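A look at the structure
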Amino acid sequence: MRTPVTNPFRILLYSHDSVGLGHIRRNLALAHELATRLPELSGRPVTGMLLTGVGYSAELDVPVGFDVVLLPGVRKGDEGYEPRNVHVPMTDLIDIRERVLGGVIRGFAPDLIVVDRHAYGIDGELRTALAGVRKHRPSTRIVLGLREVIDETSATAAEWARLGDLAEFRSIFDEIWVYGDPQVHDVRVSGELPAALHDLVHYTGYLATGRHWLPEREPTPVPFVLTMVGGGSDGAALCRLAAAATVPDGHRHVVVTGPQMSPEDRASIQQLAGPDVTLVPAVPDGLAMIRSASALVCMAGYNTACEVMSTRTPALLVPREAPRKEQLIRAESLNVAGAVDVRRLEQLTPQILSDWLRQSVTRAQPREHIHLAGLASVTNLVAETIRRSQISKELTDAAG
């Protein structure tokens, strides 16, 4: 009979976070699933840390047993990344972030590290720390987590070239988890991922089914239609169209502008809003709103798409197309798969949006044909890793 393991399995989830909330939301979804299901599957307690540059922790719904380390924030400027708040050279800020990252990783000594999207972080800030983990804690599992669409191939080729030697990447990373369904979009076929790394890929399915959500404390009077634009820093144009659209009979229209939208943009949207339109900067839980809405208009960020697909709510995706084509590729792929409707922003008018809302509030949109159980898949992968390590340790102890 095995002796119960009481030493917690330590998980570190890193996201660089410059624009929007997508990276940290993806890691939060993983944290909740791992905190909830992994102890039961592995027989081992779980604890973890989220390393993020999102800039604030008060609004992060962190699971029990996890904590947050906030990195000094960055944003995208005209010439690349730049400090979000502090007035120092970017090289100084990266030095600070690198020291924080190294200290946390060494002190926490994680059993699993999941790096979201950027393998070595901003300007290589993670490279030294990850190489140190591989050297001094070789049993630590290091994973690169990728959304199912990276970008158009010309952009991704340049990214991988800047990353440097792929042999170094392979010496550090054990796996690449792609959070999607290859039947919808396959980064190996599209050329977004170098062929030399294809053998590291494990498709998990979309991180959709089973997402943690908080029931509304004060439910919005139903029925209502909903427009959401993520963080909101680049969603003003869509919100203006939504505010000017005619609301379907018997409904209200809730427009969520996002916490990162400027006060000036929010004011301009409010001027267009009629008496049936309610403008709010944020909601406690976007998924709870999507589940209750009769129809949804949104951008095509990964997390929003996952939340949409975990419901049967009709959705019109209006993808952002600059500086990346990622959202456009995602929206068109999901449209071909029969999961969503799509309109490009330049093709959208208040009248077109009004017609779509009116036609959509009386229908549902099934999405069960897509692999949506990525959260469960990731947890099963980690549980199997723990099981193998425990067996290996038992064999080593028996031999000794």
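Note: the structure precedes this text.
One structure accompanies this document, and this report is about it.

Cut-off values and rules
In every chain, residue numbers begin from 1 and rise along the written sequence. Side-chain atom pairs in this predicted model are given and counted only at pLDDT of 80 or more, local residue features only at pLDDT of at least 70, and totals for whole chains, interfaces and linings cover all residues. The basis for every side-chain value is the complete set of non-hydrogen atoms in the structure, without hydrogens or water. Any two strands with at least two DSSP-identified bridges between them are counted as paired. Numbering of helices and strands runs from the N terminus, with a helix taken as a DSSP run of H or I at least four residues long and a strand as a DSSP run of E at least two residues long. By the convention used here, residues are in contact when the closest approach between their heavy atoms is within 4.5 Å. Geometry is summarised by axes, namely lines fitted to C-alpha atoms with helices restricted to the contacting stretch, and by angles between N-to-C directions that run from 0 to 180 degrees. Note on aromatic pairs: the rings of Phe, Tyr and Trp (six-membered ring only in Trp) are paired at centre separations within 6.5 Å, and the planes decide the class, stacked below 30 degrees, edge-to-face beyond 60, tilted for the rest. For each residue, the accessible area found with a 1.4 Å probe, counting protein chains only, is set against the maximum for its type, and the residue is called buried under 20%, exposed over 50%, and partly exposed in between. Both a distance and an angle decide whether a charge sits over a ring: NZ of Lys or CZ of Arg must be within 6 Å of the ring centre and within 35 degrees of the ring normal. We define a salt bridge as a side-chain nitrogen of Lys or Arg found within 4 Å of a carboxyl oxygen belonging to Asp or Glu. Here, nonpolar core means buried Ala, Val, Leu, Ile, Met, Phe, Trp, Tyr and Cys residues that are tied together by side-chain atoms lying within 4.5 Å of each other. By definition in this entry, angles of less than 35 degrees are roughly parallel, angles greater than 145 are roughly antiparallel, angles of 65 to 115 are roughly perpendicular, and the rest are oblique. Take the far helix as your reference; a near helix turned counterclockwise from it by less than a right angle gives a left-handed crossing, and one turned clockwise gives a right-handed crossing. Residue polarity is assigned by list, with Asp, Glu, Lys and Arg as charged and Ala, Val, Leu, Ile, Met, Phe, Trp, Tyr, Cys and Pro as nonpolar; anything else, Gly included, falls into the polar class.

1. Focus on the sheet that holds strand S11 (residues 252-256)
Here we have six strands laid out as an open sheet, ordered S12-S11-S10-S13-S14-S15, and parallel in their pairing. Every other strand in the sheet has two partners, leaving strand S12 (277-280) and strand S15 (341-342) as the edge strands with one partner each. Bridge count between strand S14 (residues 315-317) and S15: two bridges; the pairing is parallel. Residue pairing in the sheet places leucine 317 in a bridge with valine 342 of S15. Relative to S11, helix H7 (residues 236-244) is tilted by about 165°, and along the sheet it contacts strand S10 (224-228), S11, S12 and strand S13 (295-298).

2. Concerning the packing of aromatic side chains
Two aromatic rings, taken as a pair, are described by how far apart their centres are and by the angle between their planes. What the rule picks out here adds up to four aromatic pairs. Ring centres 6.0 Å apart and planes at 80° place the aromatic pair tryptophan 160 and phenylalanine 169 in the edge-to-face group. What makes phenylalanine 169 buried here is its relative accessible area of 0%. With a centroid separation of 6.2 Å and an interplanar angle of 20°, the aromatic rings of tyrosine 206 and tyrosine 302 are classed as stacked. Here tyrosine 206 is found in the loop between strand S9 (201-203) and S10, whereas its partner tyrosine 302 is found in helix H10 (residues 302-309), with 96 residues between them in sequence. What makes tyrosine 206 buried here is its relative accessible area of 0%. Residue classification places tyrosine 302 among the buried residues on the basis of a relative accessible area of 2%. What links up through ring pairs into an aromatic cluster is the set Tyr120, Trp160, Phe169 and Phe173. For arginine 10, the ring lying beneath its charged end belongs to phenylalanine 108, and the centroid distance is 5.7 Å.

3. So, the sheet that holds strand S3 (residues 66-70)
Taken together, seven strands build an open sheet; the order of strands is S3-S2-S1-S6-S7-S8-S9 and the sheet is parallel. Unpaired on one side and paired on the other, S3 and S9 mark the two borders of the sheet. For this sheet the average axis-to-axis angle between neighbouring strands, irrespective of direction, equals 20°. Sheet topology places strand S1 (residues 9-15) next to strand S6 (residues 112-116); four bridges connect them, and they run parallel. Bridging across to S6, leucine 13 finds its partner in valine 114. Of the strands in this sheet, S1, strand S2 (46-52), S3 and S6 touch helix H2 (residues 90-108), which is tilted by about 165° from S1.

4. Concerning the pattern of salt bridges
Counted according to the given criterion, the structure contains 30 salt bridges. Residues aspartate 174 and arginine 141 are paired through a salt bridge, measuring 3.9 Å at the closest nitrogen-oxygen approach. Of this pair, aspartate 174 sits in the loop between helix H5 (166-172) and strand S8 (175-179) while arginine 141 is found in strand S7 (residues 141-147), placing the two residues 33 residues apart along the sequence. For arginine 320, the salt bridge goes to aspartate 234, with nearest N and O atoms at 2.6 Å. Of this pair, arginine 320 sits in the loop between S14 and helix H11 (326-336) while aspartate 234 is found in the loop between S10 and H7, placing the two residues 86 residues apart along the sequence. Owing to a relative accessible area of 23%, arginine 320 belongs among the partly exposed residues under this scheme. The class for aspartate 234 is partly exposed, based on a relative accessible area of 34%. Bridged by salt links that share partners, the residues Arg117, Asp151, Glu159 and Arg324 form one connected network.

5. Here's the deal with H7
Regarding H7, the residues found buried are Ala236, Leu238, Cys239, Leu241, Ala242 and Ala243. Where H7 is buried, its residues contact S10, S11, helix H8 (263-272), S12, S13 and helix H12 (350-360).

6. Considering the nonpolar core
Counting residues in each nonpolar core, the largest one holds 56 residues, and the members touching the most others are Ile11, Leu38, Trp177, Tyr206, Leu226, Leu334 and Val382. When neighbours within four sequence positions are excluded, leucine 38 is seen to be in contact with Phe9, Ile11, Glu33, Gly43, Arg44, Val46, Thr379, Val382, Ala383 and Ile386. Judged by nonpolar contacts, the second largest core, of 34 residues, contains Ala119, Ile172, Phe173 and Ile176.

7. Re unusual backbone geometry
Looking along the chain, the bond that leaves alanine 322 and enters proline 323 is cis, with omega of 5°. Residue placement: proline 323 occurs in the loop between S14 and H11. The phi angle at arginine 117 is positive, at roughly 75°, despite the residue not being glycine.

8. A look at the packing of H10 against H11
Between H10 and H11, the shortest axis-to-axis distance is 11 Å and the interhelical angle comes to 20°. Taken as axis vectors, H10 and H11 run roughly parallel relative to one another. The crossing of H10 and H11 is right-handed. Two secondary-structure elements touch here, H10 through Tyr302, Ala305 and Met309 and H11 through Glu326, Arg330 and Leu334. In terms of residue class, the contact of H10 with H11 is made up of four nonpolar, no polar and two charged.

9. A few points about the side chain of aspartate 116
Within the secondary structure, aspartate 116 is located in strand S6. Owing to a relative accessible area of 1%, aspartate 116 belongs among the buried residues under this scheme. Here aspartate 116 is in contact with Tyr14, Ser15, His23, Arg26, Asn27, Gly145 and Tyr179, once residues within four sequence places are set aside.

10. Some remarks on the environment of leucine 372
The topology assignment puts leucine 372 in the loop between H12 and helix H13 (374-399). The exposure class assigned to leucine 372 is buried, which follows from its relative accessible area of 10%. Excluding residues that lie within four positions of it along the chain, leucine 372 makes contacts with Tyr206, Leu207, Ala208, Thr209, Met309 and Arg367.

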